[in-house]
Structures are given as structure tokens and as C-alpha cells.
Amino acid sequence: LGHLAEYAAPEYYDERYKSWRFDDLPILPEEWKLLVSEDKKAHFNILRKLLRSKDFDYVVNACDAGREGEAIFRRVYGLAGSKLPVKRLWISSMEDTAIQQGFDSLKDGTEYDNMFAASECRAKADWLIGMNGTRAFTKKYGRRQTIGRVQTPTLAMLTERQNKIQNFVKEPYYKVEITGNGIVAESERMVQEQNADTVQAACDGQCAVVGSIERKRKEQSAPKLYDLTTLQREANRYYGFTASQTLKIVQELYEEKLVTYPRTDSQYITEDMQQTMTDLLNHYSGEVGKVEQVVNNKKVTDHHAILPTLESCKRELNSLSGDKEKIFALIVWKMQQAVQPPYIYEDVLVTVCCQDRKFTAKYKNILQAGHTAMPVPFAEQEKSKGVAFPKKLEQGAVIPVVSAEKKQGFTSPPKAFTEDTLLAAMETAGNKEFDSETEKKGLGTPATRANIIEKLVSSGYAERKGKQILPTVAGCELIHVMPENLKSAGLTAEWENQLLMMEKGEIQEDEFMNGIVSMINEILSMCRAISEELR
């Protein structure tokens, strides 16, 4: 059911807030009110009766093991007025063995007080900025302007990219390509067409000599396991699924006990998971590989990477629907890929000289396919990048006759965001503004990014065109009037980092909330300063 209780709208604090007036802002509740929505009251009443019962010694919070799961439980517990001691079930898998192990090692509920504080601060921050910002800009501009702490910077990234595309002026460039003895080499780009004509005329029909042959050996390690964002990105790239579709499918697989907890931001497993992963690999591929490549206790906080469950090994998986089958197959594939040896190749750069002019040819020799040898399930296979180096080619070899051809090209604009590249941009937003030690960067969390994208689309600020996500006219207009601090990915990323610090007990709630209130006051000051002409 998700949240049974949510923070009340402004009018529940004061009747006057039913009408939107700029002079009533800022709205800053002194005591926050939680309300149970009408359609969930029957469920809440059952829980309240049980939570107030004297028949029980304690209550177990078995909600999702994360920030939101903690909030869902605590709000109901608080509203019910329960006095029962609380124990916490913290599990990453719905398998019977994992659940049993979780119940055998229940935690004291108070161990998660900081996590609850972070969850409530996030919810309050979103409420304060959403309610005050939306009312302020709507009243100033005379049309509805929906503001969001994470939504607005995400929309700003979309509009910034769109502006770059629309303002891009393509410019022609020219190259000369020479061909002979199976070698195809090209000149550097030239802006002036007449320069290309001169080179083409000088080289056509002449002989050429192979100059230097430079070899660079490169190694690409196997990819890590899936966290939620990487799974969403690759499901979009390979199958065209939206982030929210992928989250829905993987959540269903989790509830069916086929995969582990999906809302994770880790791509590793802990040491105690090694045997489980070995068993999974034995079942799904008969080949274990190097499991140690994905073991890192320090990089697993609440949940390890997404894996198939041991329960899935006992199940008949032919019954999975098309979309579920694809996502499940992708998770198994990534697990198999992550333990493979590296992809090793050699980049070869050949210089060809003709009439005192240099041309280059690029080749790629695959020395070890490694993890790239595993095809993506249910997806069109990507074409091989690069041409193999011709073994007979030697330095100093003469090409008796080359044909020279002028080629015209055009500079390219930046590409529009797809869900894949937007998720990547959200994940790394603000990175440049933090040092390398900052633990969390980016807009939102793995659990919330899909919802942010859906909100932008449902609000009419963004639209999908094929795989692309583009800002609408309304979205561009909204960002045009927004102050820089509301559009700043760095600021929002800093807040996400502060929330993580709060979970660890490193900062207090007041410190975070004071920053939010200061920002609201800045927004309102800026709104007051907007002149009539700008509206």
C-alpha cells in the first residue's frame, strides 16, 4: 500500500491557506500533521487496533529495509499511539531462508532512529519547497508553476540540453581518404574545402608509404553487478523500458522471491554472500568465475547488489511473462558477466605518408574477449567496434597507387537525453562540486529517480519521443523563470549527502532543516523582486 499516512496539505494547518496568496508565504508548520487518506483508513484502523492491543510483547517492523520503509512503519506506529517495544527485521531477500535468518537476528528498533530522521527530513524538505515554491511562482506569474526539490534541477538539465541542441549551428568540414592495398587512411579535418581539393589532387594516383605503427594494449575489467539505477539504464538501452517500468517489474520479481531487494545503490556483495553467489553461478552457468571481483564489504551499506535468489534455482521460470523474463535474464546475465576475465584489446594507429602529407588508419585487435563474449539476452547485439589490423602490414611498406577521395561531414549537436542517459546524469549531477570522498552525489536516490521522471512527464513539463525525453514548451518556460539555486544540481546533491550523514548520526535534523528554511526565504525574496515587466 505504500504510505498509509502522509503530511497534510497547508489548509489543514489554517483555513486561510485554502486560497493561494503570496502574502501568506512562507508556510512553515510548527507541528507537522500526518493524515491517513480515506481509501486507506480501513487498513489503518486494523493496524491501530493491533498496535494498541495488550496481547503482544512487541511489534516487528518488517517494511522494506530502507529509508521509506522505516517512515511507513513509524508514521503508523506513532499515529496509533502504540507503546509496544519495536524490533526491526532487516532483509534483502524474500526467500524463506533469508526471512528466517532475519527473524533469528532481529534488531532493536531504536538502531534505525537516524534513518527515520533522514526520511522525515527529506519528506519535510520536499513538502516545504513544493508547497511554498509552487504557490510563490504560480501567484507571481499567473499560471501554475510546479516546483520540486529534485524535479526542478532534473528539468533544468533537460532544458539546458535542449537549448544546446536548438542553438547548435552545424558546420561543414572536409577530409581526404586514401585507399590502396586494403588500407583506408584519412587526413585530419579541414575547414576549407579548397584545402581538401588540393590534398585530393596531389595524392590521387600517387604512391604512399606506411610510416609509424603504434600499438596500445588496453584492458577493460568486467562490469560490476546491478544496482537499481544501472539495471534501469540498461533495461532502457536494450529493451526501451522506462525507469518506472523496470522498477515495477523488478519489484514484482522481488515479491515473487526470484530476485533480491531492488532499491539498492550498491554493485557489490559482502564476504558472507560469496557461497550464495557461487551456488547461483553453478546453477545458472556451471562456471563460477572470479566471485572475489564483486566482493567489497565497504561498498555495501544497507543492501547488496541485485541478484537472482537461491529460491529461483528451484522454480520453473518458463512461466515468466515477456517483460519479467527479460529483466530476470538481464540480472542473471550481469551476475555471470561480473565474474568474467577482462576484455583485452590492442588499439593500433597506422600513419601513412603521401606527398608529404600524413594520413591515419585505426585498427583494433581483440586479444581476449573476456566479459564481452556474453551476448545480451533478448536484445539486438551491438555491432563490433573497429576493424582488425592486417597482419601483413609493416612499417616502410610501399603502396604503389592510392586513390584519394574528398569526404564532407558536419559537426554534430549534443544528443537528446534518453532515460538511460538522464538516469546517468541524475546519478552524477553535482559531482564536480564535491571532493572524491563525498559518499553520495547526484539528484535523488535509486528508489526515487524513476518517480521524478514520471512526475515531469505527468506534469506536462517533459515528454517521451521514442527513447528520447524532451522538455515541453511549458517545461522550458518554467526553468526560464527559476532562480539558480532551485535549478542547482549541486545543491540538491549536497542535501542528499547530508541526509546520508544524518542516517549515520553525523549531523542533526535542525542543521538540515535550517538550510531548507533559508532557501525558501531566498526563493520568496527573489519572487518579491520580480518586476511586473518580467511576468
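Preceding this paragraph is the structure being described.
Residues numbered from 1 in each chain as written. Predicted model: local features only at pLDDT ≥ 70, side-chain atom pairs only at ≥ 80, totals over all residues. Heavy atoms only, no water.

Here the focus is the overall build of the chain. In terms of helices and strands, the chain carries 17 helices and 14 strands. Its C-alpha atoms put the chain at 95 × 70 × 40 Å along the principal axes. Of all 535 residues assigned to the chain, the portion counted as buried reaches 47%. Within the chain, counting contacts between residues at least 6 apart in sequence, those at least 24 apart form 78% of the total. For the chain, the computed accessible surface area is about 27,600 Å², with 48% contributed by carbon and sulfur atoms. Across the chain, the mean location of the 71 positive side-chain charges is 3 Å away from that of the 77 negative side-chain charges. (Helix = DSSP H or I, 4+ residues; strand = E, 2+ residues; numbered from the N terminus. Buried < 20%, exposed > 50% of the residue type's maximum accessible area, 1.4 Å probe, protein only. Contact = heavy atoms within 4.5 Å. Areas by Shrake-Rupley, 256 points an atom, 1.4 Å probe, with all protein chains shown as cover. Lys, Arg positive; Asp, Glu negative; His and termini not counted. Charge placed at Lys NZ, Arg CZ, Asp CG, Glu CD.)

A few words now on the sheet that holds strand 4 (residues 86-88). Sheet architecture is open: 3 strands sit in the order 3-4-5, paired in mixed fashion. Both outer strands of the open sheet, strand 3 (59-61) and strand 5 (107-108), are each paired with one neighbouring strand and no more. Pairing of strand 4 with strand 5, which is carried by 2 bridges, proceeds in the antiparallel orientation. The residue bridging Arg88 from the neighbouring strand is Lys107, located in strand 5. (Pairing = 2+ DSSP bridges.)

On to the packing of aromatic side chains, then. In total, this model carries 13 aromatic pairs according to the counting rule given. Centroid distance Trp90 to Tyr112: 4.8 Å. Interplanar angle 15°. Geometry classified as stacked. Taken as a pair, Trp90 in the loop between strand 4 and helix 3 (96-104) and Tyr112 in the loop between strand 5 and helix 4 (113-141) lie far apart in primary sequence, 22 residues in all. With a relative accessible area of 21%, Trp90 lands in the partly exposed category. Every member of this aromatic cluster is reached through a ring pair, and the members are Tyr7, Tyr13, Trp32 and Trp127. If you follow Arg88 out to its NZ or CZ, it ends over the ring of Tyr112, 5.7 Å from the centre. Sitting over the face of the ring of Phe410, Lys170 holds its NZ or CZ atom 4.5 Å from the ring centroid. (Phe/Tyr/Trp six-rings, centres within 6.5 Å; stacked < 30°, edge-to-face > 60°. Lys NZ or Arg CZ within 6 Å of the ring centre and 35° of its normal.)

Side chains Ile183 and Ala185 project from strand 7 (residues 183-186) onto a buried face, and the interleaved Val184 and Glu186 project onto a face without burial. When strand 6 (residues 172-180) meets strand 7, the two strands line up antiparallel, connected through 4 bridges. Residue pairing across strands places Glu177 opposite Glu186, the latter belonging to strand 7. From the end of strand 6 to the start of strand 7, which pair antiparallel, there are 2 residues, and Asn181 there has a positive phi angle of about 55°.

Counted by the stated rule, this structure contains 37 salt bridges. With a closest N to O distance of 3.4 Å, Asp24 and Arg16 form a salt bridge. Judged by its relative accessible area of 14%, Asp24 falls in the buried class. Across the pair Arg88 and Glu70 runs a salt bridge whose closest N-O atoms are separated by 2.7 Å. With Arg88 in strand 4 and Glu70 in helix 2 (residues 67-80), this pair connects stretches of sequence that are 18 residues apart. A relative accessible area of 1% places Arg88 in the buried class. Taking relative accessible area as the criterion, Glu70 reaches 2% and is therefore assigned buried. What you see here is one network of salt bridges that share partners, running through Glu68, Arg122, Asp126, Arg149 and Glu496. (Salt bridge = Lys/Arg side-chain N within 4 Å of Asp/Glu carboxyl O.)

Here Glu346 shows up in strand 9 (residues 343-354). With relative accessibility at 15%, the residue Glu346 sits in the buried group. There is a polar contact of 3.0 Å between the side chain of Glu346 and the side chain of Arg215. The residues touching Glu346, leaving out its near neighbours within four places in the chain, are Arg215, Lys216, Arg217, Tyr363, Lys364, Asn365 and Leu367. (Polar contact = N/O pair within 3.5 Å; in protein donor to acceptor, adjacent residues only side chain to side chain.)

Time to look at the packing of helix 9 (residues 274-284) against helix 11 (residues 322-338). Running from amino to carboxyl end, helix 9 crosses helix 11 at an angle of 110°, the nearest separation of the two axes being 10 Å. Taken together, the axes of helix 9 and helix 11 lie roughly perpendicular to each other. Crossing angle aside, the handedness with which helix 9 passes helix 11 is left-handed. Where helix 9 abuts helix 11, its residues Met277, Leu280, Leu281 and Tyr284 lie against Phe328, Val332, Met335 and Gln336. When grouped by side-chain class, the residues that make up the contact of helix 9 with helix 11 number 7 nonpolar, 1 polar and no charged. (Axes fitted to C-alpha atoms, helices over the stretch in contact; angles between N-to-C directions. Parallel < 35°, antiparallel > 145°, perpendicular 65-115°, else oblique. Left-handed = near helix turned anticlockwise from the far one by under 90°. Nonpolar A, V, L, I, M, F, W, Y, C, P; charged D, E, K, R; others polar.)

What follows is about the packing of helix 4 against helix 17 (residues 509-528). Where helix 4 meets helix 17, the axes come as close as 10 Å, and the angle between the chain directions of the two elements is 5°. Between helix 4 and helix 17, the angle is such that the two are roughly parallel. For the pair helix 4 and helix 17, contact is made by Ala117, Cys121, Lys124, Ala125, Leu128, Ile129, Asn132, Ala136, Phe137 and Lys140 and by Glu509, Phe512, Met513, Ile516, Met519, Ile520, Ile523, Leu524, Met526, Cys527 and Arg528, respectively.

Relative to the helices and strands, Val457 is located in helix 13 (residues 449-458). Sequence spacing of Val457 and Val176 is 281 residues, and the spatial spacing of their C-alpha atoms is 46 Å. When near neighbours in sequence (up to four residues on either side) are disregarded, Val457 contacts Ala462 and Arg464.

This next bit is on a nonpolar patch on the surface. Side chains of Ile46, Leu47, Leu50 and Phe56 sit close together on the surface and give an oily, nonpolar patch of about 350 Å² of accessible area. Take Leu50: it is sitting in helix 1 (residues 41-51). With a relative accessible area of 43%, Leu50 lands in the partly exposed category. (Patch = residues over 30% accessible without salt bridge, like charges linked within 9 Å, V, L, I, M, F, W, Y side chains within 5 Å.)

On to the side chain of Thr309. Among the secondary structure elements, Thr309 is positioned in the loop between helix 9 and helix 10 (310-314). For Thr309, a relative accessible area of 1% translates into the label buried. Not counting the four nearest positions on each side in its chain, Thr309 is found in contact with Ser93, Glu95, Lys257, Leu258, Val259, Thr260 and Leu280.

Right, let's get into helix 9. Each turn of an α-helix holds 3.6 residues, which means side chains three or four residues apart point in the same direction. Buried residues of helix 9: Met277, Thr278, Leu280 and Leu281, and no others. Buried residues of helix 9, seen end-on, are gathered within an arc of 165° and therefore sit on one face of the element. Buried residues belonging to helix 9 abut helix 10 and helix 11. Note on helix 9: the residue one or two positions beyond its end, Gly286, has a positive phi of about 70°. (Arc of directions from axis to C-beta.)

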